[in-house]
Amino acid sequence: MPYNYKFTLPKYVVLRKYKRIIFILTLLLLFVVLCYLLFIWYAANENKIDRPQTDFKSKDFNPFQNFSTRYFSFETDKSWHFVPKESTSAKFVYRSSNKNIVKSDLIVYVNSLPRDLLVTHVLPVRINTDRFSVGDVSGHCRDYLKDIIRPGDNNPVEGVVDGVRVKCQVDGTSNTVVIGQVKGNYQVPLTGSNGKVNEYYIVYHDLEFMPQFAQFVNIAWSFRAK
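Computed from a prediction, not measured in an experiment: that's the story for all the values here. (Residues numbered from 1 in each chain as written. Predicted model: local features only at pLDDT ≥ 70, side-chain atom pairs only at ≥ 80, totals over all residues. Heavy atoms only, no water.)

*Asks:* I keep staring at the overall build of the protein chain and nothing clicks. Help me out?
*Replies:* Per the secondary structure count, the protein chain includes 2 helices and 13 strands. Here the protein chain holds 226 residues, and the buried ones make up 38% of them. On the protein chain, roughly 14,400 Å² of surface is accessible, and the fraction owed to carbon and sulfur atoms is 57%. (Helix = DSSP H or I, 4+ residues; strand = E, 2+ residues; numbered from the N terminus. Buried < 20%, exposed > 50% of the residue type's maximum accessible area, 1.4 Å probe, protein only. Areas by Shrake-Rupley, 256 points an atom, 1.4 Å probe, with all protein chains shown as cover.)

*Asks:* Which parts of the structure should I look at to understand the nonpolar core?
*Replies:* Note that soluble globular proteins tend to have their nonpolar side chains buried in a common cluster. Grouped together as the largest cluster of nonpolar side chains are 30 residues, with contacts concentrated most on Phe 72 and Tyr 200. Considering every element that reaches this core, the biggest residue donor is helix α2 (residues 213-222), with 6 residues. The residues contacting Tyr 200, other than those within four sequence positions of it, are Tyr 71, Phe 72, Val 108, Tyr 109, Val 110, Tyr 186, Gln 187, Val 188, Leu 190, Phe 223, Ala 225 and Lys 226. With 19 residues, the next largest nonpolar core counts Tyr 109, Leu 145, Val 166 and Val 170 among its residues. (Core = buried A, V, L, I, M, F, W, Y, C linked by side-chain atoms within 4.5 Å. Contact = heavy atoms within 4.5 Å.)

*Asks:* Any chance you could explain the pattern of salt bridges here in plain terms?
*Replies:* Considering all chains together, one arrives at 3 salt bridges under this definition. Note that Arg 95 is salt-bridged to Glu 86, the shortest N-O span being 3.0 Å. Its relative accessible area of 15% is what places Arg 95 among the buried residues. Residue class for Glu 86 comes out partly exposed when judged on its relative accessible area of 36%. Notably, a salt bridge pairs Arg 131 with Asp 130, separated by 3.0 Å at the nearest N-O pair. In this structure Arg 131 comes out as partly exposed when scored by relative accessible area, which is 25%. (Salt bridge = Lys/Arg side-chain N within 4 Å of Asp/Glu carboxyl O.)

*Asks:* Even after reading the chapter, I still don't get unusual backbone geometry, so can you show me in this structure?
*Replies:* One non-glycine residue with positive phi stands out, namely Lys 99, at about 55°. Within the secondary structure, Lys 99 is located in the loop between β4 (91-98) and β5 (101-110). Unlike most non-glycine residues, Asn 100 shows phi in positive territory, near 70°. Among the structural elements, Asn 100 can be located in the loop between β4 and β5.

*Asks:* How should I be thinking about α2 in this particular structure?
*Replies:* Helical geometry note: an α-helix holds 3.6 residues per turn, so side chains three or four residues apart project in the same direction. Counting buried positions over the 10 residues of α2 gives 9, a clear majority of the element. Inspection of α2 places Phe 213, Gln 215, Phe 216, Val 217, Asn 218, Ile 219, Ala 220, Trp 221 and Ser 222 among the buried residues, and these make up the whole buried set.

*Asks:* How should the confidence of the model for the protein chain be read in this particular structure?
*Replies:* Close inspection of predicted coordinates is inappropriate in any region flagged by low pLDDT. Looking at the protein chain as a whole, its pLDDT mean stands at 80, while 73% of the residues score no less than 70. Within the model, the stretch residues 41-56 combines pLDDT values under 50 with 30 contacts to residues more than four positions away or in other chains. (pLDDT = per-residue confidence, 0-100.)

*Asks:* What am I meant to see in the pairing of strand β11 (residues 188-191) here?
*Replies:* Looking along a regular strand, one sees side chains alternate from face to face of the sheet. Here β11 shows one buried face, formed by Val 188 and Leu 190, and one open face, formed by Pro 189 and Thr 191. As paired elements, β11 and strand β12 (residues 197-206) share 4 bridges and run antiparallel to each other. Across the sheet, Val 188 pairs through a bridge with Tyr 200, a residue of β12. Remark: 5 residues form the turn of the hairpin made by β11 and β12, two consecutive strands paired antiparallel; Gly 195 in that turn has positive phi of roughly 85°. (Pairing = 2+ DSSP bridges.)

Right, dumping it as structure tokens:
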């Protein structure tokens, strides 16, 4: 009579095998969840800049006024006025004041760049033909460039802040914000209704003790090339 022998793995070996399989499946599940969360985070951060243009409404300035040149137009509240004595055919200066106390300046350069202008903050934008899709004003640019600023470095220090390449005033205490194109610099091209492309360099100086960057963001939303 033949002897049939059936080999059986010890119980502890089987348990170890199943534990290993469960461990691998758990790691795979965690990896999938992590990828999903990263996708959600990336989409949410992209939406900070790619918000629809209908987010901006004139009621953000109440009461509001419209400034218009042959190159561009934008809206502000009634505290702003045009400063012709400081303006040229390629430089347009606007100022906000309260009872003759200057609160902030807005300067729009068209197809020209100021010399030696250093910035401390960036407002990142993306181009949408004749207008911007606008992000949020950054913190001080030196906080983004800590890895490349060395002891004794003098202004300017070039680097990337919120996707925009700028010249940072690392020791600056002013609140100077420049509009900059993501994956570009602060020479921002916009296409007017006639199909002509002009480059805009837009700078905002906030002179208040507590800077009001929100009004500059709203102005950027309303800015249109002509």
